[in-house]
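Here is what each chain is made of, one letter per residue.
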Amino acid sequence: MFETSIKLALTLSQIGAVMGVVLLTVAVLTLLERKVLSWMQDRMGPMEVGPYGVLQPVADGLKLFFKEDIIPAGANKIMFSLAPIIVLVPALIGFAVIPFGPNWTIDVLGVEFKPFVISDINIGVLYILAFASIGAYGVILGGWASNSKYSLLGGLRSAAQLISYELNVGLAIVGVLLLAGSLSLVEITEAQAGGFWNWFAFDPLPFPQFIAFVIFLIASVAETNRLPFDLPEAESELVAGFFTEYSGMRFAFFFMAEYANMILVSCMSTVLFFGGWHAPLPFLQAPGMFAWVTGIFWFTAKVYFFLFLFFWIRATLPRLRYDQLMRFGWKVLLPIALGNIVVTSLLAYIFPN
Amino acid sequence: MATFVFLYFAAVIVMAASLVVVLRNPIYSALSLLVMFFHVAGLYVTLHAEFLAAIQIIVYAGAILVLYLFVVMLLNVKREERFNQQGPVALFLGVVLLTEAALLAVSRGFTVATPDPGREGAAVGNTESIGEVLYSTYLFPFEIASLILLVAMIGAVILSKKGIMESK
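Residues numbered from 1 in each chain as written. Chains lettered and ligands numbered in written order. Predicted model: local features only at pLDDT ≥ 70, side-chain atom pairs only at ≥ 80, totals over all residues. Heavy atoms only, no water.

Colleague: Explain the overall build of chain A here, please?
Modeller: Within chain A, the regular secondary structure consists of 11 helices and 2 strands. Walking chain A from its N terminus toward its C terminus, one meets helices and strands in the order α-α-α-β-β-α-α-α-α-α-α-α-α. Whereas a compact globule of 353 residues would reach a radius of gyration of roughly 20 Å, chain A reaches 21 Å, a difference of no more than 12%. Projected onto the principal axes, the alpha-carbon positions of chain A cover approximately 60 × 50 × 45 Å. Within chain A, buried positions represent 54% of all 353 residues. (Helix = DSSP H or I, 4+ residues; strand = E, 2+ residues; numbered from the N terminus. Rg over C-alpha atoms; globule rule 2.2 N^0.38 Å. Buried < 20%, exposed > 50% of the residue type's maximum accessible area, 1.4 Å probe, protein only.)

Colleague: Help me understand a nonpolar patch on the surface, please; the structure alone is not making it clear to me.
Modeller: Residue and element names in this part refer to chain A. Together, Tyr52, Val54, Leu55, Val58, Leu62, Phe65, Phe66 and Met249 make up a nonpolar patch on the protein surface, roughly 870 Å² of accessible area in all. Counting residues per element, the nonpolar patch draws most heavily on helix H2 (residues 56–66), which supplies 4 residues. Considering the arrangement of structural elements, one finds Met249 in helix H9 (residues 248–273). (Patch = residues over 30% accessible without salt bridge, like charges linked within 9 Å, V, L, I, M, F, W, Y side chains within 5 Å. Areas by Shrake-Rupley, 256 points an atom, 1.4 Å probe, with all protein chains shown as cover. Salt bridge = Lys/Arg side-chain N within 4 Å of Asp/Glu carboxyl O.)

Colleague: For this particular structure, what's the right way to read the nonpolar core?
Modeller: A general feature of soluble globular proteins is that nonpolar side chains tend to end up buried together. All names here are of chain A. Judged by nonpolar contacts, the single largest core of 117 residues is most densely connected at Ile98 and Leu272. Broken down by element, this core gets its largest block of residues, 14 residues, from helix H4 (residues 124–145). In this structure, Leu272 is in contact with Val125, Ile173, Val176, Leu185, Ile188, Gln192, Phe200 and Phe216, ignoring residues within four places of it in sequence. (Core = buried A, V, L, I, M, F, W, Y, C linked by side-chain atoms within 4.5 Å. Contact = heavy atoms within 4.5 Å.)

Colleague: Just checking my understanding: could you explain the packing of aromatic side chains for this structure?
Modeller: Aromatic rings in a pair are described by how distant their centres are and how their planes are angled relative to each other. Residues and elements named next belong to chain A. Overall, the coordinates contain 21 aromatic pairs over all chains when judged by the stated rule. An angle of 55° between the planes, with centres 5.5 Å apart, marks the rings of Phe213 and Phe273 as tilted. Placement of the pair is Phe213 in helix H7 (residues 210–223) and Phe273 in helix H9, with a sequence separation of 60 residues. Each member of the pair, Phe213 together with Phe273, is buried. Centre to centre, the rings of Phe305 and Phe306 are 5.4 Å apart; their planes meet at 65°, and the pair counts as edge-to-face. An aromatic cluster of at least three residues, connected via ring pairs, comprises Trp199, Phe210, Phe213, Phe216, Phe273, Phe274, Phe305 and Phe306. (Phe/Tyr/Trp six-rings, centres within 6.5 Å; stacked < 30°, edge-to-face > 60°.)

Colleague: When you look at the pattern of salt bridges in this model, what are you seeing that I'm missing?
Modeller: Any two side chains of opposite charge can pair if their charged atoms end up close together. Residue and element names in this part refer to chain A. Summed over the entire model, instances satisfying the criterion amount to 4 salt bridges over all chains. A salt bridge links Arg327 to Asp323, with the nearest nitrogen and oxygen atoms 3.6 Å apart. With Arg327 and Asp323 both in helix H11 (residues 322–350), this residue pair falls 4 residues apart, about one helical turn.

Colleague: Whenever I open this one, empty space enclosed by the protein confuses me. Can you help?
Modeller: Empty space among the atoms can be located by rolling a probe the size of a water molecule over them. Residues and elements named next belong to chain A. The final tally for this structure, using the stated rule, is 1 cavity of 30 Å³ or more. In this structure, the largest cavity encloses a volume near 390 Å³. Around the largest cavity sit 28 residues that line it, and Ala132, Leu162, Glu223, Thr224 and Asn261 are the ones nearest its centre. Breaking the lining of the largest cavity down by element, the ones donating at least two residues are helix H3 (77–93), H4, helix H5 (149–180), H7 and H9. Looking at side-chain class alone, the lining of the largest cavity contains 19 nonpolar, 5 polar and 4 charged residues. (1 Å grid on protein atoms, 1.4 Å probe; cavity = no way out; pocket = protein on both sides within 12 Å on 5 of 7 lines; lining within 4 Å. Points joined across faces, edges and corners; volume = space filled by probe spheres on them. Nonpolar A, V, L, I, M, F, W, Y, C, P; charged D, E, K, R; others polar.)

Colleague: Explain the packing of H7 of chain A against H9 of chain A here, please?
Modeller: Describing two packed helices takes the angle between their axes plus the distance from one axis to the other. Residue and element names in this part refer to chain A. Where H7 meets H9, the closest approach of the two axes is 11 Å, and the angle between their N-to-C directions is 170°. Relative to H9, the element H7 lies roughly antiparallel. Where H7 abuts H9, its residues Ala212, Phe213, Phe216, Leu217 and Ser220 lie against Val265, Met268, Ser269, Leu272 and Phe273. In terms of residue class, the contact of H7 with H9 is built from 8 nonpolar, 2 polar and no charged. (Axes fitted to C-alpha atoms, helices over the stretch in contact; angles between N-to-C directions. Parallel < 35°, antiparallel > 145°, perpendicular 65-115°, else oblique.)

Colleague: Is there a simple way to explain the side chain of Thr189 of chain A in this structure?
Modeller: All names here are of chain A. If you trace the backbone, Thr189 turns up in helix H6 (residues 185–190). There is a polar contact of 2.7 Å between the side chain of Thr189 and the backbone oxygen of Leu185. Apart from residues lying up to four places away in sequence, Thr189 is in contact with Pro99, Val271, Gly275, Gly276, Trp277 and His278. (Polar contact = N/O pair within 3.5 Å; in protein donor to acceptor, adjacent residues only side chain to side chain.)

Colleague: Please clarify how H2 of chain A should be interpreted in this entry.
Modeller: At 3.6 residues per turn, the α-helix brings residues three or four places apart onto the same side. Residues and elements named next belong to chain A. Burial in H2 covers these residues: Gln56, Pro57 and Leu64. In a view along the axis of H2, the buried residues occupy a sector of 95°, so they form one face of it. Seen from the open side of H2, the exposed residues pointing more than 90 degrees away from its buried face are Phe65 and Phe66. Where the residues of H2 are buried, they touch helix H1 (2–40) and H9. (Arc of directions from axis to C-beta.)

Colleague: Mind showing me how you'd approach the packing of H1 of chain A against H9 of chain A here?
Modeller: Residues and elements named next belong to chain A. The geometry of H1 relative to H9 is characterised by a closest axis approach of 9 Å and an angle of 100° between their N-to-C directions. Considered as vectors, H1 and H9 are oriented roughly perpendicular to each other. Contacts between H1 and H9 pair Val22, Leu23, Thr25, Val26, Leu29, Thr30 and Glu33 from the former with Phe255, Met256, Tyr259, Ala260 and Ile263 from the latter. Here the contact of H1 with H9 is composed, by residue class, of 9 nonpolar, 2 polar and 1 charged.

Colleague: Any chance you could explain unusual backbone geometry here in plain terms?
Modeller: Residues apart from glycine generally show negative phi values, whereas peptide bonds are mostly found in trans. The backbone phi angle of Asp42 of chain A is positive, close to 60°, even though this residue is not glycine. Considering the arrangement of structural elements, one finds Asp42 of chain A in the loop between H1 and H2. Relative accessible area serves as the criterion here: at 74%, Asp42 of chain A is assigned to the exposed category. Unusually for a residue other than glycine, His48 of chain B sits at a positive phi of about 60°.

Structure representation (structure tokens):
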């Protein structure tokens, strides 16, 4: 009983810490995105609240918190309230299997405890994919329950888009799984130790997964509904799509889910293709006791690199048309992803490590 | 504890499954089906079949049910036009399934399935063991299943291309 309660306390504090960091990052990202976009467009961005506008997320949060919560006439009240929750929970729950530091097991009062991953389950990748696919329900239901044509169109577009691109995310990962020989994100990270030439995106033997990495990146941009794949919410044609009718905290939930998904996808790219917490060069990693300091540093640096990439893409590319989006997903990405699996498995069979 | 967890999952599965049939609004039916899929996945987790649980959610909840919802929303069927004439077929199938369940219960006795104790701390995860069994013992059924899927895929392509070919 004592051991169980210790374990519970440890796990709960770990979940609290990870959720705290993720939600804080979401707040930082809302500001960072506006700032980065502004700099790319030769503007200043938010400057009013606090020095250089750094308190803007606080102001935004307070504003959304005090806004009136409107449920449109004729809307399905239960589904309308449920949809933002169904979107946000899967986006946050995926972080449970992301390893953000060395794979250590420490002993706390007789209880084994892994400080740098909440739960090392042996199907980590599938766990994230499973919950990512649940997020689509929130989007469809939100669009349907709003009792608005624009919302319904946005929801349906998004359902088609999410199903199409989920497939590409899953297939792009298969090559990595073949090389790592495991579905556990901890073991996939361990398989990439030793320097950037061992990361799956660059590893020359048996086959570099760089193509798979590019497919994963494109498909995950589509999965998170970001430009140039933001058709479900296309501001200029659908008036924000499935969350047109949402206001106040419910709107904030959709907004937070989008950013949490971005962080989750960036974490996945880091773990699957860019070596997780491993340093790019062996001497950049602190030895022994202090490996976790550099580990967390490199993990964060890589995740922020990918998040910057998201903003960069948004500032650069125009939105695709709906038929182009579908054709690109099914006729371009899918064959390349399948070809990558065939080539990788053949070469992995011929040159086993 | 295991019995308690099983009873919870079983009760919710039965309730959600009956709600799928009973509820008037097809969207609510689809959502109770979603709840049911999740609890079936939970049942797999208690039996240490995590791989099956994840696949259950990815395939059924993530892909098939979303397509159902998609179709239901696009059609937006009026209450009178809904198809409700499947009573005799349902009765027949229900009797068959109930007999089957009763026979199984009588021959096996009412016991709760427990995970294989040797599997729990095994170094080989259940993903590996499923792969090994699937590509050796059950290779033939696996190939048959892939053939059926191929036929279905070709059928779907032909059906969707039908209009285009005729108009030319």
